[in-house]
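# Observations on chain architecture
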Amino acid sequence: QVRLVESGGGLVQPGGSLRLSCAASGSAFDIISMAWYRQAPEKQRDWVASITSMGVGNYTNSVKGRFTISRDNAKNTVYLQMNSLKPEDTAVYYCKLKYYSWRIEGSAELWGRGTLVTVSS
């Protein structure tokens, strides 16, 4: 069984920084891609950034130049470094894993439980 554990959320002032982490664990799986989404209060969940197994990152326009996604393949962990945070970045941030399962011989997706980021003075 594959599991995701997120960490790193919290309260930060505008202009500040936070780093989120998402670690995948389990057996008989290979990571295809990992991504971060966020959901602000009373809004839909939106894609923020994603990174492929080759380390290629993509970002939604609103975070380009401020957020950086990276991964540590040895630790099956993806990070989201968030700089120059704005109040509109306040949301619950979710990690999403797309992986190949050797048990089912097919791909599958898994969501983390989310970590709250609050940007406020």
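Right above here is the structure, for reference.
Residues numbered from 1 in each chain as written. Predicted model: local features only at pLDDT ≥ 70, side-chain atom pairs only at ≥ 80, totals over all residues. Heavy atoms only, no water.

## Thoughts on the overall build of the chain
- Tallying secondary structure elements over the chain gives 0 helices and 11 strands in all.
- In the chain, the order of α-helices and β-strands from amino to carboxyl end is β-β-β-β-β-β-β-β-β-β-β.
- The C-alpha radius of gyration computed for the chain amounts to 14 Å, which stays within 12% of the reference 14 Å derived for 121 residues, consistent with globular compactness.
- Restricting to contacts in the chain with at least 6 residues of sequence separation, those with at least 24 account for 56%.
- Accessible surface, the chain: about 6,800 Å² in total, of which carbon and sulfur atoms supply 47%. (Helix = DSSP H or I, 4+ residues; strand = E, 2+ residues; numbered from the N terminus. Rg over C-alpha atoms; globule rule 2.2 N^0.38 Å. Contact = heavy atoms within 4.5 Å. Areas by Shrake-Rupley, 256 points an atom, 1.4 Å probe, with all protein chains shown as cover.)

## What about the environment of Lys-96?
- For Lys-96, the position within the fold is in strand β9 (residues 91-101).
- Sequence-wise, Lys-96 and Arg-113 are 17 residues apart; in three dimensions their C-alpha atoms are separated by 9.7 Å.
- Separated by 3.4 Å, the side chains of Lys-96 and Tyr-37 make a polar contact. (Polar contact = N/O pair within 3.5 Å; in protein donor to acceptor, adjacent residues only side chain to side chain.)

## Description of the pattern of salt bridges
- Applying the stated criterion across every chain yields a total of 3 salt bridges.
- Close ionic contact of Asp-89 with Arg-38 constitutes a salt bridge, the shortest N to O distance being 2.9 Å. With a gap of 51 residues between them, Asp-89 in the loop between β8 (77-82) and β9 and Arg-38 in strand β4 (residues 29-39) connect regions that are remote in the sequence.
- Taking relative accessible area as the criterion, Asp-89 reaches 1% and is therefore assigned buried. (Salt bridge = Lys/Arg side-chain N within 4 Å of Asp/Glu carboxyl O. Buried < 20%, exposed > 50% of the residue type's maximum accessible area, 1.4 Å probe, protein only.)

## Some thoughts on the sheet that holds β8
- Pairing within the open sheet is antiparallel, and its 4 strands lie in the order β1-β3-β8-β7. Only two strands of the sheet have a single neighbouring strand rather than two, namely β1 (3-7) and β7 (67-72). Between one strand axis and the next, the sheet turns by 15° as a mean value, whatever way the strands run.
- The pairing of strand β3 (residues 18-25) with β8 spans 6 bridges and is classified as antiparallel. Each residue of the ladder has a partner; that of Arg-19, found in β8, is Gln-81. (Pairing = 2+ DSSP bridges. Axes fitted to C-alpha atoms, helices over the stretch in contact; angles between N-to-C directions.)

## Details of the pairing of β3
- Bridge count between β1 and β3: 5 bridges; the pairing is antiparallel. Residue pairing for β3: Leu-4 is matched across the bridge by Ala-24.

## As for unusual backbone geometry
- We note that Ala-28 has phi near 60°; this positive angle belongs to a residue other than glycine.
- Within the secondary structure, Ala-28 is located in the loop between β3 and β4.
- The backbone of Glu-42 shows a phi angle near 60°, a positive value even though the residue is not glycine.
- Tracing the backbone through its elements, the reader meets Glu-42 in the loop between β4 and β5 (45-52).
- A relative accessible area of 86% means that Glu-42 is categorised as exposed.

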